[in-house]
Amino acid sequence: MPRHLRFFFEAGVTDTPLWPDDTDSPYGYPCELERLPISQATRTELTRLCEHYQSPGGRPEPADMNGALA
């Protein structure tokens, strides 16, 4: 059975941007990067991206997004 992962950032989730379609995934929900068959360099980069997203300035505030849509 093929497995699919979704890539997105979630506020408060600092260690992975990967989410399985199935909440009973063998990789965890959200995915625990250590369980995935990926390189250490890929794990490190995914963690870095999440940390950046969680940092001040790493993601737009809702007020900023309203201005972008106007």
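Bear in mind the structure is a predicted one, so any value in this text is a computation, not a measurement.

Engineer: Give me the lowdown on the pattern of salt bridges, citing residues and values where you can.
Structural biologist: Once their charged atoms are close, side chains differing in charge can pair, the charge on each being opposite to the other. Here the structure, examined in full by the defined rule, presents three salt bridges. Between Arg 35 and Glu 32 there is a salt bridge; the shortest N-O distance is 3.2 Å. Residue classification places Arg 35 among the partly exposed positions, given a relative accessible area of 42%. Under the relative-accessibility criterion, Glu 32 is labelled partly exposed at 36%. Glu 45 is paired through a salt bridge with Arg 48; the nearest N and O atoms lie 2.7 Å apart. Taken as a pair, Glu 45 and Arg 48 lie in helix α1 (residues 40–54) at a separation of three residues, close to a single helical turn. Assessed through its relative accessible area of 36%, Glu 45 is described here as partly exposed. The class for Arg 48 is partly exposed, based on a relative accessible area of 41%.

Reading guide: rules and limits
Residue indices begin from 1 for each chain and proceed along its sequence in written order. Under the rules for a predicted model, residues below a pLDDT of 70 receive no local features and side-chain atom pairs below 80 are neither given nor counted, while totals for whole chains, interfaces and linings still include all residues. The side-chain values count all of the structure's non-hydrogen atoms but skip hydrogen atoms and water molecules. Any Lys or Arg side-chain nitrogen found within 4 Å of a carboxyl oxygen on Asp or Glu counts as a salt bridge. Note on classification: 1.4 Å probe, protein chains only; a residue is buried when its accessible area is under 20% of the maximum for its type, exposed when over 50%, partly exposed between these limits. The secondary structure listing takes helices from DSSP runs of H or I that are at least 4 residues long and strands from runs of E that are at least 2 residues long, numbered from the N terminus.

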